[in-house]
Amino acid sequence: MSWKKLLEPITQQTYYKALIEKVNNAYQLKTVYPSKIDLFHAFKITPFDQLSIVVLGQDPYHQPNQAMGLAFSVPKHVKIPPSLANIYKEMTEDVQCSLPTHGDLTGWAQQGVLLLNTILTVIEHQPMSHKNIGWERFTDDVIKALNSYEKPLVYLLWGNHARSKKHLIDVSKHLVLEASHPSPLGAHVSFHGCRHFSKANTFLISKGRRPINFSLLP
């Protein structure tokens, strides 16, 4: 199995073809993030045979130079956004690693962490502007398809938008961890202290799988 084989039945559906047509038109008429070349970056950079954790985000960052096709991640030269800063705070307290100096989560993705927004595009300065154009159905189909993944996965569902996808996941096979969104508005509720990083690795180890090294130091 590969990403191509997993996604092919989804991308052949009529709704998906209509979705891509809408997205291509938006790229021509407006400023849309991430760049078109990074639209499916999460699938391209995460090795399918090493997939172990799925982090579900909402939609991409809508400010210039931030979105890079990986949920919560920004390029190294960009200031770390507040939500990611809260993720880092919880991570460093949980697994006792040093605080990263940049916001590029490529290092996680390359180890098998799928950083997937449930909506893959956004118009500049207009958060949730591509809600209900078809991305939710696409990512629902991806989540459902991953139920057949040959190894147990960990899902990190942060915030109500991500948590609404729980019913799509085979919880008898995969581990689902839920918390409030790491944004400054929600992090104080149940994100800080959730210990999802250590819990995820404990589960992976218990299933004979390699844990993730969350440290992003060189």
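Use the structure listed above.
This text gives an overview of the structure that appears in the document. (Residues numbered from 1 in each chain as written. Predicted model: local features only at pLDDT ≥ 70, side-chain atom pairs only at ≥ 80, totals over all residues. Heavy atoms only, no water.)

1. Topic: the overall build of the protein chain
Right, so step 1: Summing up its helical and strand segments, the protein chain has nine helices and six strands in all.
Right, so step 2: For 218 residues, the compact-globule formula gives about 17 Å, and the C-alpha radius of gyration of the protein chain, at 17 Å, lands near that figure.
Right, so step 3: Dimensions of the protein chain along its principal axes, counting C-alpha atoms only, are 45 × 40 × 30 Å.
Right, so step 4: Relative to its 218 residues, the protein chain shows a buried fraction of 56%. (Helix = DSSP H or I, 4+ residues; strand = E, 2+ residues; numbered from the N terminus. Rg over C-alpha atoms; globule rule 2.2 N^0.38 Å. Buried < 20%, exposed > 50% of the residue type's maximum accessible area, 1.4 Å probe, protein only.)

2. Some points on the packing of helix H2 (residues 14–29) against helix H6 (residues 135–145)
Helix packing for two helices is described by the angle between their axes and how far apart those axes are.
Right, so step 1: Running from amino to carboxyl end, H2 crosses H6 at an angle of 130 degrees, the nearest separation of the two axes being 10 Å. For the element pair H2 / H6, the angle class is oblique. The interaxial crossing formed by H2 with H6 has left-handed handedness. Contact residues: H2 offers Tyr15, Tyr16, Leu19, Ile20 and Val23, while H6 offers Trp135, Arg137, Phe138 and Asp141.
Right, so step 2: Among the residues making up the contact of H2 with H6, the classes are represented as seven nonpolar, no polar and two charged. (Axes fitted to C-alpha atoms, helices over the stretch in contact; angles between N-to-C directions. Parallel < 35°, antiparallel > 145°, perpendicular 65-115°, else oblique. Left-handed = near helix turned anticlockwise from the far one by under 90°. Contact = heavy atoms within 4.5 Å. Nonpolar A, V, L, I, M, F, W, Y, C, P; charged D, E, K, R; others polar.)

3. A few points about helix H4 (residues 82–95)
Right, so step 1: Between its first and last C-alpha, H4 extends 20 Å over 14 residues, near the 20 Å set by a 1.5 Å rise per residue.
Right, so step 2: Among all positions in H4, only Ser83, Leu84, Asn86, Ile87, Tyr88, Glu90, Met91, Thr92 and Asp94 are buried.
Right, so step 3: Among the residues trailing H4, Gln96 stands out with phi positive, at a value near 50 degrees. (Expected span 1.5 Å × (residues − 1).)

4. Details of the pattern of salt bridges
Right, so step 1: Per the stated rule, a full pass over the model turns up six salt bridges.
Right, so step 2: In this structure, the salt-bridge partner of Glu178 is Arg163, at a minimum N-O distance of 3.0 Å. Note that Glu178 is positioned in strand E6 (residues 175–179) and Arg163 in helix H7 (residues 160–163), a separation of 15 residues in sequence.
Right, so step 3: Its relative accessible area of 33% is what places Arg163 among the partly exposed residues. (Salt bridge = Lys/Arg side-chain N within 4 Å of Asp/Glu carboxyl O.)

5. Here we look at the environment of Leu204
Right, so step 1: Secondary-structure assignment places Leu204 in helix H9 (residues 196–206).
Right, so step 2: Leu204 sits 170 residues away from Pro34 along the chain, and the two C-alpha atoms are 31 Å apart.
Right, so step 3: Contacts of Leu204, omitting those with residues within four sequence positions, involve Ser52, Ile53, Pro152, Val154, Arg209, Arg210, Pro211 and Ile212.

6. Structural notes on the pairing of strand E2 (residues 53–57)
Right, so step 1: Across the five residues that make up E2, a large majority, five, are buried.
Right, so step 2: Of the two faces of E2, the one carrying Ile53, Val55 and Gly57 and the one carrying Val54 and Leu56 are both buried.
Right, so step 3: Relative to strand E3 (residues 113–117), E2 is paired through five bridges, and the arrangement is parallel. When the bridges of E3 are listed, Val54 appears paired with Leu114.
Right, so step 4: Two elements, E2 and strand E5 (residues 154–158), share four bridges in a ladder whose sense is parallel. (Pairing = 2+ DSSP bridges.)

7. Observations regarding the sheet that holds E3
As a general point, the strands of a sheet are linked pairwise by backbone hydrogen bonds and lie either parallel or antiparallel.
Right, so step 1: The four strands are arranged E3-E2-E5-E6 in an open sheet whose pairing can be described as parallel. A single partner strand is all that each edge strand has here, and the edge strands are E3 and E6. The mean angle between the axes of side-by-side strands here comes to 20 degrees, regardless of whether they run parallel or antiparallel.
Right, so step 2: Examined bridge by bridge, E5 and E6 share five bridges and lie parallel to one another. Looking across to E6, one finds that Leu156 is bridged to Leu177.

8. Topic: the environment of Ser2
Right, so step 1: With respect to the element layout, Ser2 can be found in the segment before helix H1 (3–11).
Right, so step 2: Expressed as a C-alpha distance, the spacing of Ser2 and Ile80, which sit 78 residues apart in the sequence, is 32 Å.

9. A short note on the side chain of Asn117
Right, so step 1: Looking at where Asn117 falls in the secondary structure, it is placed in strand E3.
Right, so step 2: Only 3.3 Å separates the side chain of Asn117 from the backbone nitrogen of Gln58, close enough to count as a polar contact.
Right, so step 3: Look past the residues within four positions of Asn117 in its chain and what remains in contact with it is Gly57, Gln58, Asp59, Pro60, Ala71 and Thr139. (Polar contact = N/O pair within 3.5 Å; in protein donor to acceptor, adjacent residues only side chain to side chain.)

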